[in-house]
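Residue-level structural notes
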Amino acid sequence: MSERAITRALLSVSDKSGLAELGSALAARGIELVSTGGTAKALRDAGLAVKDVSELTGFPEMMDGRVKTLHPTVHGGLLALRDNPEHVAAMEAHGIGPIDLVVVNLYPFEATVAKGASREEIIENIDIGGPSMVRSAAKNHGFVTILTDPADYATLVAEMDAHGGATSQAFRTRMAGKAYARTAAYDSAIASWFAFSPAASDEPTLFPETLPMAFKRADTLRYGENPHQAAAIYVPQVVGTRGVPQAAQLQGKELSYNNLNDADAALELAAEFAGQAPAVVIVKHANPCGVAQGGSLLAAWEAALACDSVSAFGGIVAVNTELDGATAEAISAIFTEVVIAPSVSAEAREIFAKKKNLRLLECGQLPNPRRGGLAMKTIAGGMLIQSRDAGAITADDLKVVTKRAPTDQELKDCLFAWTVARHVKSNAIVYAKDGATAGIGAGQMNRRDSARIAAIKAAEAAETYGWDAARTVGSAVASDAFFPFADGLLAAAEAGATAVIQPGGSIRDDEVIAAADEAGLAMVFTGMRHFRH
């Protein structure tokens, strides 16, 4: 018989939400309640009769509660196979009663780490007895029901009502799987803290021998990159940096896989300008197609859009400051999939409300673009892990390698172009002038083609807006990696660039420098590249 009646329940929870209601529902069905410490007190405060675990074991809770359920009376009652005569005889011989239901949620280890607690407090929030009971009950789910999530309390009560006070094998199996997922995530969080936290180890390692990872599903998505692909989004169990998954969606359709990926790319680049002049980033297919700073957010929007208004159609917009009404009105003039901002004014919300399908996200604090952490990419048969590209350069890090040094304005444009280029797929070429991108070439198999494509886009923009010349004329150009030949640099010079910023390091650097000198360009080396595949 797959249905198993519940006559005795053991409850020991850290999160006491819903506990009184569950205890009352169990008691009303004639189920004996056994509990520990604070859980027993909470149940008694709710007017319920509770037996202490110490009454079962014959031992008091000791060592500040570290030892209370680690006892054969408890685990024998959980692990005994009720249809095995030897097990039944052992229970009778040692006075062990069966436990049919275990309700446990664990010490809040993840929350304790997240709030920046001391090492001692974190260690004390590593649960031992809880996971032991969870695993014992889950292993014996043929007879025992295990609950680890308060969200399942009402489901349990409904299950019992549907089965005459019992639970079905299907329900117990589902709850057992959820229980093991919880203990696995819990252990992963603990192992991750030991592996990566400087407070936990004198010698933390970036790449431990076994990489502990624990992610919780935040949502299922309509589909992946394409309709035939299933998709979901998971978030870390221990939340650190806030990003798109933690943003509040103020309006619009549900976010798709591509929306989330593109919004992340846009927000990461907008974060580069945190605390600076108003900045707007427009992203299409994970690549920026227009980026600008201005005296106002509206001015930045107009300059960013002008870089490539064709690609901006159906794009993702991120800004580095509160989104105001005037900018919202301008963005609403073209089809936009997602807009994300640290905050959104009431006027902007009202304007966007007219675009019911547009997804509007408020992210709060921008992520730190220089934060540490790992970047991961799956490949067939494995996973590639690297530290995040948190590298950065300043004007003091630059080395002038040409006869002519850049002017102050060229230097500003070089640094702006370099900031954008590190977020563009390789091979990346970015032209910038007066704090705005003039042309962006991304993802090409050679750097010369990226330079030419970016120049073509700039020429098209000049034609669209009726400018006398493309904005690449008098611009600075950034290359995410060195120019292996002079042809890419010469293509940029042909487009009108007057200054170049690149990592350097090619065996043909001398040839490229000579070409720059001949063209009258100023060029600086960063000594750092930013491939992004």
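Structure first, text after, so check above.
Residues numbered from 1 in each chain as written. Predicted model: local features only at pLDDT ≥ 70, side-chain atom pairs only at ≥ 80, totals over all residues. Heavy atoms only, no water.

What follows is about the packing of helix 17 (residues 447–465) against helix 18 (residues 486–494). Helix 18 packs onto helix 17 with a crossing angle of 10° between their chain directions and a minimal axis gap of 8 Å. Overall, the two elements helix 17 and helix 18 adopt an arrangement that is roughly parallel. Between helix 17 and helix 18, the residues in contact are Arg448, Ala451 and Arg452 and Asp487, Gly488, Ala491 and Ala492, respectively. (Axes fitted to C-alpha atoms, helices over the stretch in contact; angles between N-to-C directions. Helix = DSSP H or I, 4+ residues; strand = E, 2+ residues; numbered from the N terminus. Parallel < 35°, antiparallel > 145°, perpendicular 65-115°, else oblique. Contact = heavy atoms within 4.5 Å.)

Quick look at the nonpolar core now. Counting residues in each nonpolar core, the largest one holds 50 residues, and the members touching the most others are Leu11, Leu26, Ile146 and Leu156. Here Leu11 is in contact with Leu19, Leu22, Leu26, Leu33, Val34, Ser35, Thr36, Thr39, Leu43 and Val103, once residues within four sequence places are set aside. By size, the runner-up hydrophobic cluster in this structure holds 45 residues, among which are Leu269, Phe273, Ala499 and Ile501. (Core = buried A, V, L, I, M, F, W, Y, C linked by side-chain atoms within 4.5 Å. Buried < 20%, exposed > 50% of the residue type's maximum accessible area, 1.4 Å probe, protein only.)

Turning our attention to helix 16 (residues 408–421). Here helix 16 contains 14 residues, and its C-alpha end-to-end distance of 20 Å stays within 8% of the 20 Å for a straight helix at 1.5 Å per residue. For helix 16, every residue scored as buried is listed here: Glu410, Asp413, Cys414, Phe416, Ala417, Trp418, Thr419, Val420 and Ala421. (Expected span 1.5 Å × (residues − 1).)

Glancing now at the sheet that holds strand 6 (residues 145–147). Pairing is parallel across the open sheet formed by five strands, whose spatial order is 4-3-2-5-6. Lying at the two open borders of the sheet, with one neighbouring strand each, are strand 4 (51–52) and strand 6. Bridge analysis of strand 3 (residues 32–35) against strand 4 gives two bridges, and the strand direction is parallel. Residue Ser35 lies in a different strand from strand 4, and its bridge partner there is Asp52. This element, helix 1 (residues 19–28), spans strand 2 (8–13), strand 3 and strand 5 (101–105) of the sheet and lies at about 175° to strand 2. (Pairing = 2+ DSSP bridges.)

Once that is clear, we can look at the environment of Gly314. As for its placement among the helices and strands, Gly314 is situated in the loop between helix 13 (309–312) and strand 13 (315–319). Distance in space between the C-alpha atoms of Gly314 and Phe335 is 5.2 Å, their sequence separation being 21 residues. Other than its neighbours up to four places away in sequence, Gly314 contacts Lys284, Phe335 and Glu337.

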